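Listed below, chain by chain, are the residues.
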Amino acid sequence: MENVIEIKGVKKNFGEKTVLKNINLTVTKGENIVVLGKSGQGKSVMIKCIVGMILPDEGSLKVFGDEVCSMSEDTLKAMRTRIGFLFQGGALYDSMTVRENLAFALQRVLKITDENDIENRSKEVLEAVGLSEVIDKMPSDLSGGMRKRMALARTLIVKPEVILYDEPTTGLDTITSKEISQLMLEIHEKYKTSSIIITHDMQCARITGGRVMVLNEGEFIAEGTYTELENCNDEFVKLFFK
Amino acid sequence: MKTNLSQKIKTGIFVALGIGILLITVFILGKQKNLFNSTFTLHANFKNVSGLLAGNVVRFGGINVGTVDDITILNDTTIQVNLKLQTSVKKFIKKDAIASIGSDGLMGDKIIQVSPGTVPNPVVNDGDMITGKDPLNMDQVVTKLNAIATSAEVLTTNLAAIVQKVNNGQGSLGRLLNNDQLARNLEGTINSTKETVQSIKKGAEGFSENMQAAKSNFLLKGYFKKKEKQRIADSTKKANDKAQGVKKN
Amino acid sequence: MNLSPSLNNFLEKTGEQANFFTSFVRNIFKGGFEWNEFLRQCYVIGYKSLGIVAVTGFVLGFVFTLQSLPTLKEFGAQGYVPSMVCISVIREIGPVITGLICAGKIASSIGAELGSMNVTEQIDSMEISGANPVQYLVVTRILACTCMIPLLTLFADAMSLAGGYIGVNTSTNMSMQLYFIKSVQTLYFSDFFPAVIKTIFFGLAIGFVGCYKGYTSNKGTESVGLAANSAVVAASVWIIILDAIAVQLTSVFVYN
């Protein structure tokens, strides 16, 4: 299997504080990885390192076979178009309508100018996330669950090969978060994407999870399938499965 | 977010108006500075321009018709001033026209006044030299003021001498002001007038007594009685007339 | 570097601003200029600020005239009021007051807008999607400010003259034509152009400070307010400083 993401010995300090101590992670094509961890353990920092938003202090970080730290601006940009990133709060552009939100990256990154093409793609992804009717609304008119779906649609529209989810179910009720988790699984199967899902929501991990990894104090301390880890003896891992 | 049509139009109007104001201002200022009018140049030489600056106004008959374009020093006693004037006034300026430097009001800027010149002379051409009349020099003004001050001094000295004489009672004016003989004479005149009036009054009283005596004199009694009777008859007649008038009514 | 912490901090901020500025300049010429967003910003910054700027300009001219009239009347110089008001408004008061008003209105709104986009990770999201947030957000806003503030100042100047006309007519009767001629008769290009040029820099300062404060704000909610607030303060200070520099430069190069 081809490795899409390869992280070896990545270290990151913010001032005196060590956030990432020694991260090793390999994601193969089409793989679904769930990263579990407490708040403030550097989960978000890790995926921001992957897209080159934060540069690690040490270690190697390869995405699609290229070293992120030494990328030129253009290759970095090209790499980013192949990765989708779902922010915790959705990060919808609130001065634009849903349609403009969807078209934003298409026009600017993929340089698609054909109105019909944009329209078709928008409709397709909105249908995929079950939001066909909101295309002319403003993000502020949408509910929390709809905003998450909308953000997912905006991530999908550029047809990414890898999707990074930063706590996709935070702030949602149990039922909605279950719906979102199932949607993520559907999309994974439909678009054949690899994904890294950062969460502390066990329901989400159970539904979406292929491989589950547990992050504590800047290191991965356990990995395996959901059921394997459920029966694990490690004290810290057990805390999640209570 | 896309801009809709009305926003674009509003922005367009705003920008157009703003640029319009900019252009209008440029045009107005340019017109003041003769940038867009056709102009011609005259030269005038002065010994002293007393603070004239390039850009100062040139007037012809009190109207602003141009500006001072350039001031250059030709040699140690000659300053050449180039005047840029509107072509429309060219036909009024003759070759013997005189440019003089004055100032606009007491504290205003320096200006150049161009006189029209006299009729038999031909009209000026572009680039002609006209006579420059040097402005009133401040030094000359001070010299003149000095002369005035000197004569004023003489004048006041003489005045002081005159006043001195008057005070001392010399001359007829001095005597009039300083001698009280005149007042005393006047007082005497008034007193004697009073006495005269008194004696006239006494004379009148004496006459009145004489008349009283004449009334009681028998010779004249008849005359006075007759007069009395007549008066009584008159008044009864008048009363009767009145009574009749009342009855009629 | 082991300088004192506050000096270090100051130098760091200065360097950060210089970086931000160079990235702004680089992104102007990068191609793919966001015309639509630029037009929208022109609408928001220019057209939407016209009301407040016009009212301020009008009142300024009116009040300035009323305040000058009694004093100049004592010297019998009330005939100089129009040209005095015109020159001081066009050379100094118009640009500075408009600049300060716009610093309050525009720099704060840009600071708050970009600050909140930063907090809700919209800027990160743009960057990660491969789009260029500096080009889309910063370049358009700064350029719109740079173009619109001079125009707004011209409107304010024009309204000031109108206000001055009304002010003069409260005590005497002066025809509009005479007022206008008296106003502009002592006005020269050397009064007008330096003032226009300095408003371009005021606009640049307002846009730049607003964008910088918003774009580099922290990721907390309170930082939105902080960004807006510090944008106004910094932009106002910049306008005063730029004005002082402009006055010095004009007196050296233009009135010399």
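Residues numbered from 1 in each chain as written. Chains lettered and ligands numbered in written order. Predicted model: local features only at pLDDT ≥ 70, side-chain atom pairs only at ≥ 80, totals over all residues. Heavy atoms only, no water.

Peer 1: Looking at this model, I keep getting lost on the overall build of chain B. Mind explaining?
Peer 2: Counting its secondary structure elements, chain B contains five helices and seven strands. Each helix (α) and strand (β) of chain B, taken in turn from the N terminus, gives the series α-β-β-β-β-β-β-β-α-α-α-α. By the compact-globule yardstick of 18 Å for 249 residues, chain B is too spread out, its C-alpha radius of gyration being 49 Å. Counting only C-alpha atoms and orienting by the principal axes, one finds that chain B spans roughly 135 × 80 × 55 Å. Taken across its 249 residues, chain B has 20% of its residues classed as buried. Taking all contacts inside chain B whose residues are at least 6 apart in sequence as the whole, residues at least 24 apart take part in 61%. A total accessible area of about 18,200 Å² is found for chain B, and carbon and sulfur atoms account for 61% of it. Of the side-chain charges in chain B, 33 are positive and 19 negative, and the distance between the mean point of each set is 18 Å. (Helix = DSSP H or I, 4+ residues; strand = E, 2+ residues; numbered from the N terminus. Rg over C-alpha atoms; globule rule 2.2 N^0.38 Å. Buried < 20%, exposed > 50% of the residue type's maximum accessible area, 1.4 Å probe, protein only. Contact = heavy atoms within 4.5 Å. Areas by Shrake-Rupley, 256 points an atom, 1.4 Å probe, with all protein chains shown as cover. Lys, Arg positive; Asp, Glu negative; His and termini not counted. Charge placed at Lys NZ, Arg CZ, Asp CG, Glu CD.)

Peer 1: How should the interface of chain B and chain C be read in this particular structure?
Peer 2: How big an interface is tends to be expressed through the accessible area that disappears when the partners come together. If you look at the interface, chain B gives 23 residues, while chain C gives 25 residues. For the pair chain B and chain C, the two sides together bury roughly 2,200 Å², of which 77% comes from carbon and sulfur. One can count zero salt bridges joining chain B with chain C. Along the contact surface separating chain B from chain C lie zero residue pairs in polar contact (both at pLDDT 80 or more). Across the side of chain B that touches chain C, the residue classes break down as 11 nonpolar, eight polar and four charged. (Buried area = accessible area lost by both parts, 1.4 Å probe. Salt bridge = Lys/Arg side-chain N within 4 Å of Asp/Glu carboxyl O. Polar contact = N/O pair within 3.5 Å; in protein donor to acceptor, adjacent residues only side chain to side chain. Nonpolar A, V, L, I, M, F, W, Y, C, P; charged D, E, K, R; others polar.)

Peer 1: How do you make sense of the sheet that holds strand β4 (residues 78–86) of chain B when you look at a structure like this?
Peer 2: One key point about sheets: their strands pair by backbone hydrogen bonds, in either a parallel or an antiparallel sense. Residues and elements named next belong to chain B. Reading around the circumference, β1-β4-β3-β2-β6-β5-β7 is the order of the seven strands in this closed barrel, with mixed pairing throughout. Taken pair by pair, the neighbouring strands of this sheet meet at an average axis angle of 35 degrees, ignoring direction. With three bridges joining them, strand β1 (residues 39–46) and strand β7 (residues 128–133) adopt parallel strand pairing. Each residue of the ladder has a partner; that of A44, found in β7, is I130. (Pairing = 2+ DSSP bridges. Axes fitted to C-alpha atoms, helices over the stretch in contact; angles between N-to-C directions.)

Peer 1: Would you mind going over empty space enclosed by the protein with me for this structure?
Peer 2: Empty space among the atoms can be located by rolling a probe the size of a water molecule over them. Residues and elements named next belong to chain C. All chains considered together, the criterion is met by four cavities of 30 Å³ or more. Approximately 170 Å³ is the volume found for the largest cavity. Residues of the lining of the largest cavity, tallied by class, amount to eight nonpolar, five polar and two charged. There is about 60 Å³ of room inside the second largest cavity. If you trace the second largest cavity, you find it lined by I90, P95, P150, T153, L154, D157, F192, A195, V196 and T199. For the lining of the second largest cavity, the elements supplying multiple residues, two or more each, are α4 (81–119), α6 (133–171) and α8 (189–215). Grouping the constituent residues of the lining of the second largest cavity by class yields seven nonpolar, two polar and one charged. (1 Å grid on protein atoms, 1.4 Å probe; cavity = no way out; pocket = protein on both sides within 12 Å on 5 of 7 lines; lining within 4 Å. Points joined across faces, edges and corners; volume = space filled by probe spheres on them.)

Peer 1: How should the domain arrangement of chain A be read in this particular structure?
Peer 2: Residues and elements named next belong to chain A. As far as domains go, chain A holds domain 1 (1–82 + 164–242) and domain 2 (94–159). At the interface, 13 residues of domain 1 touch 12 residues of domain 2. Together domain 1 and domain 2 conceal approximately 1,100 Å² of surface at their shared face, both sides included; 69% is due to carbon and sulfur atoms. When residues of domain 1 are sorted by the area they lose upon contact with domain 2, T81, L183 and Y191 head the list and together hold 43% of the total. Between the two partners, domain 1 and domain 2, sit one salt bridge. Where E179 meets R149, a salt bridge forms, and the shortest distance between an N and an O atom there is 3.0 Å. Inspection of the domain 1/domain 2 interface yields two residue pairs in polar contact (both at pLDDT 80 or more). Top contributing element to the side of domain 1 that touches domain 2 by residue count: helix α6 (residues 174–191), with seven residues. (Domains from an automatic or database assignment.)

Peer 1: Even after reading the chapter, I still don't get the packing of helix α1 (residues 5–32) of chain B against α8 of chain C, so can you show me in this structure?
Peer 2: Describing two packed helices takes the angle between their axes plus the distance from one axis to the other. As a packed pair, α1 of chain B and α8 of chain C sit with axes 10 Å apart at the nearest point and diverge in direction by 155 degrees. Relative to α8 of chain C, α1 of chain B is oriented roughly antiparallel. As α1 of chain B runs across α8 of chain C, the sense of the crossing is left-handed. Contacts between α1 of chain B and α8 of chain C pair L22, T25, V26, L29 and G30 of chain B from the former with F189, F192, F193 and V196 of chain C from the latter. Taken together, the residues of the contact of α1 of chain B with α8 of chain C sort by class into seven nonpolar, two polar and no charged. (Parallel < 35°, antiparallel > 145°, perpendicular 65-115°, else oblique. Left-handed = near helix turned anticlockwise from the far one by under 90°.)

Peer 1: It is not clear to me how the packing of aromatic side chains should be interpreted in this structure. Could you clarify?
Peer 2: On inspection of all chains with the given rule, the structure shows 18 aromatic pairs over all chains. Clustering of aromatic rings is evident, with ring pairs tying together F20, F21, F24, F208, Y212 and Y215 of chain C. The ring of F64 of chain A carries the charged tip of R82 of chain A above its face, separated from the ring centre by 3.9 Å. A cation sits over an aromatic face here: R154 of chain A above Y93 of chain A, 4.3 Å from the ring centre. (Phe/Tyr/Trp six-rings, centres within 6.5 Å; stacked < 30°, edge-to-face > 60°. Lys NZ or Arg CZ within 6 Å of the ring centre and 35° of its normal.)

Peer 1: How do you make sense of the packing of helix α3 (residues 98–108) of chain A against helix α5 (residues 144–156) of chain A when you look at a structure like this?
Peer 2: Residues and elements named next belong to chain A. Viewed as axis vectors pointing N to C, α3 and α5 meet at an angle of 30 degrees, and their least axial separation amounts to 8 Å. In this view, α3 runs roughly parallel relative to α5, as classed from their interaxial angle. When you trace α3 past α5, the crossing you get is right-handed. Seen from α3, the contacting residues are V98, N101 and L102; seen from α5, they are M150, A153 and R154. When its residues are assigned to classes, the contact of α3 with α5 shows four nonpolar, one polar and one charged.

Peer 1: Which parts of the structure should I look at to understand α4 of chain C?
Peer 2: In the structure, α4 of chain C departs most strongly from a straight axis at V89 of chain C, where the bend amounts to approximately 60 degrees. Downstream of α4 of chain C by one or two residues, E121 of chain C has phi in the positive range, about 65 degrees. (Bend = angle between axes of the 7 residues up to and from the residue.)

Peer 1: Could you clarify how one ought to interpret a nonpolar patch on the surface in this entry?
Peer 2: A cluster of nonpolar residues, V233, V237, W238, I241, I245, L249, V252, F253 and V254 of chain C, forms a patch on the protein surface that exposes about 810 Å² of accessible area. By the element assignment, F253 of chain C lies in helix α9 (residues 222–253). (Patch = residues over 30% accessible without salt bridge, like charges linked within 9 Å, V, L, I, M, F, W, Y side chains within 5 Å.)

Peer 1: Help me out: how do you make sense of the confidence of the model for chain A in this one?
Peer 2: It should be kept in mind that the predicted coordinates are not to be read in detail where pLDDT is low. Taken over all residues, the pLDDT of chain A has a mean of 82, while the share at 70 or more is 99%. Mean pLDDT per element in chain A: helix α9 (residues 235–240) of chain A is the minimum at 76, and strand β7 (residues 162–166) of chain A is the maximum at 87. (pLDDT = per-residue confidence, 0-100.)

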